[in-house]
Amino acid sequence: LSPESLQSGVPGPLYVKLRQTLEEAITSGKLNYGDALPAERDLADHAHVSRVTVRKAVDDLVKDGLLVRRHGSGTFVAKPVSKVQQSLSRLTSFTEDMARRGLTTRAEWLDRGLFHPSPDEMMMLGLPPDGLVARLGRLRVADDMPLAIERACISSEFLPDPMQVQGSLYAALEKHGCRPVRAVQRISAYNMKDPDAAMLGVPAGSAGLSIERVSYLRTGRVVEFTRSIYRGDAYDFVAELTLSE
Ligand code: 16G
């Protein structure tokens, strides 16, 4: 990090150049996961820029998830996120997907029980007026990294006792002979807000993917309506496209 490299080159705000220089140091491996960043004052002195410039550059990198601030101890290079490549053509469960990658899953329950359905749930699941809905809200974690928040709704007809679901929802449905065979999924861009962002361990405003899945039994009955928020920095959804004949 030399004062000359910041003053020369393409014109533009100093903090942007400083941010780029720091970003390059991280992506090229000059700075590694866990390394502490020099104190703001030292960085400013070293690069011949103001502390405000340093703060702005560092703020941006914290927002992008490349650096993390720890209260009282300083700023550090964040753990790099390796993205999960998720196929969009197979109907799999989170537990199966992660097991295939050799990752161990854990769920933190946010909500689990039988409820009177909301109008939305009644419509989506085709419930009778006196029907009940099993709600399963989970923070989904793989190898200690939180990846998604999922809120699944299932008719009590298919899941009379939601407390029975320990690890996998699809495994529990399979036991009752009602594992879905087809699903329609909608993925949209979303800027995460707290408390969801905090639960997923990312700053508020980070990119997320809002995913809705409606899945069906062979008979055509809807079995699941799930709304999820996936971390945008942790997922790539991949679809194979073929030329239609
Ligand atoms: C996936 C599904 C979710 C389903 C869950 C079952 C997406 C976006 N969502 O995460 O709809 O409920 O798998 O997983 O793919 P489980 O059997 O491990 O509980």
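This one's a predicted model, so the numbers in the text were calculated from it and none came from an experiment.

Caption draft 1: Representation of the sheet that holds strand S9 (residues 222-231) within the structure. Across the sheet, which stays open at both edges, the six strands sit in the order S4-S5-S6-S9-S8-S7 with antiparallel pairing between neighbours. Across the chains shown, the open sheet's two edge strands, defined by having one partner strand only, are strand S4 (105-115) and strand S7 (182-191). On average, each strand axis in the sheet is tilted by 15 degrees relative to the strand beside it, whichever way the strands run. Two elements, strand S8 (residues 207-216) and S9, share nine bridges in a ladder whose sense is antiparallel. Within S9, the position partnered with Leu 209 by the bridge is Tyr 230.

Caption draft 2: Looking closely at helix H4 (residues 51-63). A rise of 1.5 Å per residue sets the reference length of H4, with its 13 residues, at 18 Å; its end C-alpha atoms lie 18 Å apart and thus fit the reference within 8%. Taken together, the buried positions of H4 are Thr 53, Val 54, Ala 57, Val 58, Asp 60, Leu 61 and Val 62. The inward-facing, buried residues of H4 abut helix H2 (14-27), helix H3 (40-47), strand S1 (67-70) and strand S2 (74-77). Positioned one or two residues after H4, Gly 65 has a phi angle of 80 degrees, which is positive.

Caption draft 3: Geometry of unusual backbone geometry. A cis amide bond links Asp 194 with the next residue in sequence, Pro 195, at an omega value of 10 degrees. By the element assignment, Pro 195 lies in the loop between S7 and helix H8 (196-199). Phi angles above zero are rare outside glycine, and His 48 is one such case at about 55 degrees. Looking at the secondary structure, you find His 48 in the loop between H3 and H4. Notably, Asp 144 is not glycine yet its phi reads approximately 70 degrees, a positive angle. Here Asp 144 shows up in the loop between strand S5 (133-142) and strand S6 (145-155). Judged by its relative accessible area of 63%, Asp 144 is exposed.

Caption draft 4: Structural view of the side chain of Asp 60. Tracing the backbone shows Asp 60 in helix H4. Contacts of Asp 60, omitting those with residues within four sequence positions, involve Tyr 15 and Arg 19.

Caption draft 5: Main features of the packing of aromatic side chains. In this structure the tally under the stated criterion is three aromatic pairs. Taking 4.7 Å as the distance between ring centres and 85 degrees as the angle between the ring planes, the aromatic pair formed by Tyr 230 and Tyr 235 counts as edge-to-face. Ring geometry for Tyr 235 against Phe 237: centres 5.4 Å apart, planes inclined by 15 degrees, an arrangement best described as stacked. Three or more aromatic residues joined by ring pairs form one cluster here, namely Tyr 230, Tyr 235 and Phe 237. Taking NZ or CZ as reference, Arg 112 lies 3.9 Å from the ring centre of Trp 109, over its face.

Caption draft 6: Structural view of the side chain of Glu 150. Considering the arrangement of structural elements, one finds Glu 150 in strand S6. A polar contact of 3.1 Å, which involves the side chain of Glu 150, links it to the side chain of Arg 140.

Analysis parameters
Residues numbered from 1 in each chain as written. Predicted model: local features only at pLDDT ≥ 70, side-chain atom pairs only at ≥ 80, totals over all residues. Heavy atoms only, no water. Pairing = 2+ DSSP bridges. Helix = DSSP H or I, 4+ residues; strand = E, 2+ residues; numbered from the N terminus. Axes fitted to C-alpha atoms, helices over the stretch in contact; angles between N-to-C directions. Expected span 1.5 Å × (residues − 1). Buried < 20%, exposed > 50% of the residue type's maximum accessible area, 1.4 Å probe, protein only. Contact = heavy atoms within 4.5 Å. Phe/Tyr/Trp six-rings, centres within 6.5 Å; stacked < 30°, edge-to-face > 60°. Lys NZ or Arg CZ within 6 Å of the ring centre and 35° of its normal. Polar contact = N/O pair within 3.5 Å; in protein donor to acceptor, adjacent residues only side chain to side chain.

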